[in-house]
Structure formats: structure tokens, C-alpha cells
Amino acid sequence: MMTTVALKFGRRMNTALRSSNLLYRSSSSFLLSANFLIQIPLTRKMSTDAHNIASQLNSSGLLRTQGLIGGKWQDAYDGKTIKVYNPSTGESIADVACMGGRETNDAISSAFDAFKSWSKTTAAERSKLLRKWYDLLMAHKEELAQLITLEQGKPLKESLGEINYSAGFIEFASEEAKRIYGDIIPAPQSDRRLFVLKQPVGVVGAITPWNFPLAMITRKVGPALACGCTVVIKPSELTPLTALAAAELSIQAGIPAGVVNVVMGNAPDIGDALIASPQIRKITFTGSTAVGKKLMAGSAETVKKVSLELGGNAPCIVFDDADLDVAVKGTLAAKFRNSGQTCVCANRILVQEGIYDKFANALLEAVQSMKVGDGFSEGVAQGPLINEAAVKKVDSLIHEATSKGAKVILGGKRHSLGSTFYEPTVITDVDNDMLISRQEAFGPVAPLLRFKTEEDAIRIANDTNAGLGSYVFTNSIQRSWRVAEALEYGLVGVNEGVISTEVAPFGGVKQSGLGREGSKYGMDEYLEIKYVCLGNMNKD
Ligand code: ADP
């Protein structure tokens, strides 16, 4: 059975579908998924042929609303469901299984059983299956992008970018699977031989957020599987549909039952079950610092390996000697991508006094030209925020800043498009003590701080507990090197606003996290190092 839970539409939607004869009366799973998909072109006036999309998604079986446990799609054991909303319209788009501790324990058992055989497969076998998964993700790129825009809100173009980026982690992992080498160490005694083996850590619990519904999963699951680990994924309850579609494609790729499991619903219950289980040997988490700390503390009980990718407070430093055009374009990308909802989004824009006014005006012009709207509309550069709470937070940070002397030069209020939309905002005269400089705004607001010297810039930039993304704009090679070394951050973009890629290590210092994702370093997070000593080798 494909889905047991009906997908929901608002009344407006059903009327539109009926009038175009596209709302089928039958409640078979085929038609439910067809209805779900047809709404995209109909309501968003997309040029793509509605029938093609519907039949494509139906035949690919990408619409899933149940959890995946041991290769079987499962409802919550008590039948509970949770609604998924389109953040742009507020309409509920699906009811998905709302699972908890019991389902999670079963998923852990399945992953534990599957680990016995998956960890014994050859690197070449795992590589081939991961490659197949990558190929399928790319083959279904358009549909997956539509799902992301539907449940997360980002502009369709950004969603397509996320698919490429996400699939890249699976492709990289499929290649890297074959390069998990050990070592032979020259022995200090002539009758000994010393080896280092690298072995999969075991069953992994992967907890992911809503801002990149696919990428945050692939960059954990790709390397985990490549190393021979099995996983229990808990996607955000706000964006589970993309995760479930990706899991469906993992099955279609031939990845054995139990290797990839997905549970979603009651986050604290699921988290507690993952933490309590001695069979989970590794927790990998992307999300808020508060939840990350809880998971880290809980993992101490069974001494699990932990990777955390937590909040940032990214400085974007623009020096007098920067190329203005490069700095504005880079800042725009670093700040407003995904409506400002990434953990590496520029949170504080530090501008040197000589270029401050020119930069502020140029940034204002660039931000002003950004079209705000539904993610499916043509030319939209900024969609909604994930929910109203996010809008409230941005609004209150801006109010606190203006009450202390900051000036709004653009935006600064909710957008007339609806309760989840906020006007792209630029504020000047911000200082580093205002809340907007201390907390992660996670929204479309660019706060400009003024600084005098390079030393000032470094001091202000490092004056935070976070240390994830940072950006520097300068035309001096010496300064770029000096500042990059001085910044207490895991990532530094020099004259670039978007630097994340599967081939480079991503991760933070200080309270922004532990461990790295992507690149060869991201593989190490899923491996144990075993030392083997062969003794008495001179005896026959
Ligand atoms: P955000 O503010 O980005 O939503 P969260 O840390 O709240 O960050 O959410 C990130 C992920 O952590 C989501 O999948 C969410 O469901 C999950 N989560 C939230 N609370 C807990 C918890 N107590 N235990 C485990 N996971 C949790």
C-alpha cells in the first residue's frame, strides 16, 4: 500500500481541481498522490504540464506519508498523524504519521539487524548502490524540488539548487567509499607488525532541521552508508515529505531494507529513544544549539560519538579596499538566501567606515530589487519564512535594535503578502550589543555595523559564542589571509558569499558544534579506528 493517510487540500484548491476535472473521486493511493501533485501547476500557474507531473510522481511513488521501518512503510502505532503545511499559503498539504518512542525503538532494531550484513558488504557494493541513489535523486530533481518549495517555501530555483547540492553528498560518498584506507605503522620492535583498521561506528541516529529538507539528510546519510553504518533518520516534522521521498528513492536504488529508516512526529520522544538506546553508537544532529546541547548531554550516558551542527552568528566583514560590486553580491547571497534561514547566513554585516555609506546604499538598491512572493512564482528571490513564529522573532529583533538607535533604511515590517512573509530589510547604525547581533535572526534582515580598523573588525567578529560561517571582502591577499586566520570560525568565505560544497569540510567551532560534514573529513565521523598489533612475528 502506498499511503494510508489522505492528503489534504484547502477548499479553494479542491474547487480549482474540480472545475478542471482533475480532482478524482476515488480515494485510491494513486489518485491521492495525483491530486497532491496536480495542485502544484494548477495553483502556481506553472508552465509544466499538470498531467505529466502527476503521472511522473505517481509512477515514481515519491509521495510518502508513513515512516519507514525495516524496509516497510508504517503508520504510527496509535494511528496519530501530524499535519504538514505550505508556509506560503498556510494550507495543510498532508497528514503524516506522528511517531514516537515505540516506532523509534523498532527502527533502531531494524537498523541494528541490517548493520550485521551492510557492514560486511564491500566498498564497491556500497559505492554502486549510493551511485544509483544519486542517479535517482537527479532523475527526480524537478519533483523533489517542487516538494521542497511546497513544504519549506523557498523559491523553486533555490530548491533545484538544493537537489544538486544534496545529491552531490551522495555522489561524493559513493566515490569516497572506496578510499577508506587504514595504515601500516612502522613497529618499534622488530617482531611486531602494527596496523590501523577503519570500521563503521554502528547504527547512526540522524536528526535534521527544516531549512534544507534534503541536504541536511544526504550529508549525514551518504557518508554513514559509505562507511558501512545503518541509519535512523528523524527529519523535521515541518518538512518530512522530502525526506520520505528521498528514502523511497533509496529503496528503489536497491539499498537493503533496514539500512535507511525514517521516523518522524514527536521530536522529544524520538530523540529520547535514540539517546537511550545502547545500539545507537552515533548521533549526528543539525539544528538549534539548545537541542544540540541536550543531545550531547544525553549521549554521555552511553558514550556515543556525537557530531553537532548548531547555530551560527556569521560576521560578514567588508573592508574599505573591497570591490564594491563583489561585496554587495556576496553579502546579498550570504544574507538573503533561503530568506535568511541558514545557519551560515550573514548575521552581522561589519563595514569599514570609509566604504560604509556607499556600501549601505548599494546594498539597499540590490535588496530593493529582490522580488518577494510564493516560491513557485516566476522571478521570486525571497519566499515566506517557515512559520509565523519566525516572523515574530525577526520583527522583535528589529524593534529592539531600533529602540536602541539603529535605523531602518529598507523594510522593517511584515509583508502584505501574508503572515509568514517579511519585507527584506536593511538596518544601519547597529552595534554588537544589540540582540540582533547576539542572536541568530534567521530571517531577511541585514544589520550593518560600522568599524574603524582591521583589529576592531576581528574583535567584534569573534565576540560571540558561535563560530560557524564567516565572510571577508577585501582586495588585499595579505589581509584576507591574516583575517581568515584570526577569525574563530569553522568556515571563511573570502570574496564569496556561498561557499558550501560536498568536497569541503563544513562545521563550526565554539558552541556552533562538533565535527565536520562533507569532504574526506566528513567520512571520519562515521568510522572507528582500530589498532591491531601482531606480536611474536619472528617465531615460526
Ligand atoms: P530549529 O529551530 O531549526 O527548528 P530544532 O533544534 O528545534 O531547530 O530542530 C531541529 C531538529 O531537532 C528537528 O528535527 C526537530 O524536530 C528536532 N528536535 C527538536 N527537539 C528535539 C528533542 N528534544 N530531541 C530530539 N530532537 C529534537
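Residues numbered from 1 in each chain as written. Predicted model: local features only at pLDDT ≥ 70, side-chain atom pairs only at ≥ 80, totals over all residues. Heavy atoms only, no water.

Details of empty space enclosed by the protein
- Summed over all chains, the structure comprises five cavities of 30 Å³ or more.
- Counted as a void, the largest cavity has a volume near 90 Å³.
- Contributing to the lining of the largest cavity are Tyr165, Phe212, Met216, Arg219, Glu309, Arg337, Thr342, Cys343, Val344, Ser500 and Phe506.
- One number sums up the size of the second largest cavity: a volume of about 50 Å³.
- Secondary-structure elements contributing two or more residues to the lining of the second largest cavity are helix 7 (156-176), helix 8 (215-227) and helix 18 (519-524).
- With three residues, the top contributor of residues to the lining of the second largest cavity is helix 7.
- When grouped by side-chain class, the residues that make up the lining of the second largest cavity number five nonpolar, two polar and two charged. (1 Å grid on protein atoms, 1.4 Å probe; cavity = no way out; pocket = protein on both sides within 12 Å on 5 of 7 lines; lining within 4 Å. Points joined across faces, edges and corners; volume = space filled by probe spheres on them. Helix = DSSP H or I, 4+ residues; strand = E, 2+ residues; numbered from the N terminus. Nonpolar A, V, L, I, M, F, W, Y, C, P; charged D, E, K, R; others polar.)

Examining helix 11 (residues 289-299)
- Among the residues making up helix 11, those that are buried are Gly292, Leu295 and Ser299. Along the axis of helix 11, the buried positions cluster into a sector of 65°, meaning they face one direction only. Residues of helix 11 that are exposed and point over 90 degrees away from its buried face: Ala290, Lys294 and Ala297.
- Contacts from the buried residues of helix 11 go to strand 7 (203-207), helix 10 (267-276), strand 10 (280-286) and strand 11 (305-309). (Buried < 20%, exposed > 50% of the residue type's maximum accessible area, 1.4 Å probe, protein only. Arc of directions from axis to C-beta. Contact = heavy atoms within 4.5 Å.)

A word on the pattern of salt bridges
- Counted according to the given criterion, the structure contains 24 salt bridges.
- Note that Asp325 and Lys329 form a salt bridge whose closest N and O atoms lie 3.2 Å from each other. Of the two residues, Asp325 and Lys329 are both situated in helix 12 (residues 324-336); the distance of four residues between them amounts to about one turn of the helix.
- In this structure Lys329 comes out as exposed when scored by relative accessible area, which is 56%.
- Beyond isolated ion pairs, a larger network of salt bridges with shared partners links Arg219, Lys220, Glu309 and Glu517. (Salt bridge = Lys/Arg side-chain N within 4 Å of Asp/Glu carboxyl O.)

Examining the packing of aromatic side chains
- Under the counting rule described, the total for this entry stands at three aromatic pairs.
- Ring geometry for Trp210 versus Phe442: centroids 5.8 Å apart, planes at 90°, classification edge-to-face. Note that Trp210 is positioned in the loop between strand 7 and helix 8 and Phe442 in the loop between helix 15 (435-438) and strand 16 (445-451), a separation of 232 residues in sequence.
- The residue whose ring lies beneath Arg219 is Phe506, and the NZ or CZ to ring-centre distance is 4.1 Å.
- Across the ring face of Tyr526, the terminal group of Lys282 is positioned such that the distance to the ring centre comes to 5.0 Å. (Phe/Tyr/Trp six-rings, centres within 6.5 Å; stacked < 30°, edge-to-face > 60°. Lys NZ or Arg CZ within 6 Å of the ring centre and 35° of its normal.)

Here we look at the sheet that holds strand 6 (residues 193-200)
- Read across the open sheet, the three strands follow the order 5-6-20; overall the sheet is antiparallel. Edge positions in the sheet fall to strand 5 (183-185) and strand 20 (527-534), since each has one partner strand and no second. With strand direction ignored, the average angle separating the axes of adjacent strands in the sheet is 25°.
- Pairing geometry for strand 6 and strand 20, over eight bridges, is antiparallel. Across the sheet, residue Lys198 finds its bridge partner in strand 20, namely Ile529. (Pairing = 2+ DSSP bridges. Axes fitted to C-alpha atoms, helices over the stretch in contact; angles between N-to-C directions.)

Focus on the site of the ligand
- The full set close to the ligand counts 16 residues, and Thr208, Trp210, Lys234, Glu237 and Ser288 are the nearest of them.
- Take Trp210: an N or O atom from its side chain is 3.1 Å from an oxygen atom of the ligand.
- Interatomic distance of 2.6 Å between a side-chain N/O atom of Ser288 and an oxygen atom of the ligand.
- Coverage of the ligand by the protein chains reaches 79% of its 550 Å² of free accessible surface.
- More than half of the atoms belonging to the ligand lie within 2 Å of the grid points that define the largest pocket.
- Elements with a contribution of two residues or more to the shell around the ligand: helix 10, strand 10 and helix 11.
- With three residues, helix 10 is the single largest residue contributor to the shell around the ligand.
- When the residues that make up the shell around the ligand are grouped by side-chain class, the tally is eight nonpolar, six polar and two charged. (Near = heavy atom within 4 Å. Polar contact = N/O pair within 3.5 Å; in protein donor to acceptor, adjacent residues only side chain to side chain. Areas by Shrake-Rupley, 256 points an atom, 1.4 Å probe, with all protein chains shown as cover. Sits in = over half its atoms within 2 Å of the grid points.)

Here we look at the nonpolar core
- Among the nonpolar cores identified, the biggest contains 76 residues, and Trp133, Leu137, Leu225 and Val260 are the most heavily contacted of them.
- Tallying contributions element by element places helix 9 (residues 240-252) first for this core, with seven residues.
- In this structure Trp133 touches Ile170, Val221, Leu225, Ala246, Leu249, Ser250, Ala253 and Ile255, once residues within four positions along its chain are discounted. (Core = buried A, V, L, I, M, F, W, Y, C linked by side-chain atoms within 4.5 Å.)

Details of the packing of helix 12 against helix 13 (residues 356-368)
- Where helix 12 contacts helix 13, the two axes come as close as 10 Å, and the packing angle between them is 55°. Classified by the interaxial angle, the pair formed by helix 12 and helix 13 is oblique. The two elements helix 12 and helix 13 meet at a crossing, and its hand is right-handed. Between helix 12, through Leu324, Ala327, Val328, Thr331, Leu332 and Phe336, and helix 13, the contact on the second element is made entirely by Lys358, Phe359, Ala362, Leu363, Ala366 and Val367.
- The residue inventory of the contact of helix 12 with helix 13, partitioned by class, reads ten nonpolar, one polar and one charged. (Parallel < 35°, antiparallel > 145°, perpendicular 65-115°, else oblique. Left-handed = near helix turned anticlockwise from the far one by under 90°.)

By themselves, these figures tell us nothing about what the structure is for.
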